[in-house]
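Letter by letter, the chains look like this.
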Amino acid sequence: MDKQKKLEELNNYWQENCQCELRKTATRAVLGQGNASSEIVFIGEAPGKKEDEEGVPFVGSAGKFLSELLDSIKLKREDIYITNIVKYRPPGNRDPEPKEKEDCNEWLINELKIISPKLIVFLGRHAMSRFFPELKISEAHGKLIIKKFPEFEEKLHFLPLYHPAAALYNGGMRETLIKDFKKISKVLSPTS
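Everything quoted here is computed from the prediction, not taken from an experiment.

1. As for the overall build of the protein
1) Next: Each helix and strand counted, the protein has nine helices and six strands in total.
2) Next: Expected size for 192 residues packed as a compact globule is a radius of gyration near 16 Å; at 16 Å, the protein falls within 12% of this value.
3) Next: The principal-axis extent of the C-alpha atoms belonging to the protein is close to 45 × 40 × 30 Å.
4) Next: With 192 residues in all, the protein has 50% of them scored as buried.
5) Next: Long-range pairs, those at least 24 residues apart, make up 70% of the contacts in the protein between residues at least 6 apart in sequence.
6) Next: Total accessible area on the protein is roughly 9,800 Å²; 49% of this is exposed by carbon and sulfur atoms.

2. Topic: the sheet that holds strand 2 (residues 40–44)
1) Next: Strand order in the open sheet made by the six strands is 1-3-2-4-6-5, with mixed pairing throughout. Each edge of the open sheet carries a strand with a single partner, namely strand 1 (33–34) and strand 5 (145–147).
2) Next: Relative to strand 3 (residues 81–84), strand 1 is paired through two bridges, and the arrangement is antiparallel. Along strand 3, the bridge assignment pairs Q33 with I82.
3) Next: On top of the sheet, helix 4 (residues 98–115) reaches strand 2, strand 3 and strand 4 (119–123); it is set at about 165° to strand 3, its chief contact.

3. Let's talk about helix 4
1) Next: The end-to-end C-alpha distance of helix 4 is 25 Å, a good match for the 26 Å that 18 residues give at a rise of 1.5 Å each.
2) Next: Turning to helix 4, its buried residues are E100, K101, D103, C104, N105, W107, L108, I109, E111, L112, I114 and I115.
3) Next: Residues of helix 4 that are buried in the fold lie against helix 1 (3–17), strand 2, strand 3, strand 4 and helix 5 (125–131).

Reading the values: the criteria
Residues numbered from 1 in each chain as written. Predicted model: local features only at pLDDT ≥ 70, side-chain atom pairs only at ≥ 80, totals over all residues. Heavy atoms only, no water. Helix = DSSP H or I, 4+ residues; strand = E, 2+ residues; numbered from the N terminus. Rg over C-alpha atoms; globule rule 2.2 N^0.38 Å. Buried < 20%, exposed > 50% of the residue type's maximum accessible area, 1.4 Å probe, protein only. Contact = heavy atoms within 4.5 Å. Areas by Shrake-Rupley, 256 points an atom, 1.4 Å probe, with all protein chains shown as cover. Pairing = 2+ DSSP bridges. Axes fitted to C-alpha atoms, helices over the stretch in contact; angles between N-to-C directions. Expected span 1.5 Å × (residues − 1).

Structure, rendered in structure tokens:
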């Protein structure tokens, strides 16, 4: 069975069985989207209002900036896979709570196992803290982290970045994010 089909089955299963309390207040689950065979998976925090309405991750203003960043390294959304640690929108766009993250965790882990990317890019501190709760995004952004987790057979490569939404409100962070984003190509093609 191909990866896309496996992801569809996974999403169908978890839409029925996820115990996340956010299901009660969200319009729908916002499923991961993109190339199931991608070398890169981007992980955000949680769907926002626009994502909840459309059922697609990163379609608001942060998503538009993410598309610009991808374009700057010659990638398109169709080339990557993008998901969130929480699949349902928290009310009022509040931060997801630890229990909500935990309730969606197995869904995320299974997505990553199916895709088996070369690089996992965290978009923001909440995505990073799922794997590295001790790190601060202000210190870890733009730095490659290689670590083995018990859920996975091999060591994984992670690149924490600021969330694109943060750059919309802080012009200085925009330049940092553009600079950090360029490291993606170096990680994927270390000889270039």
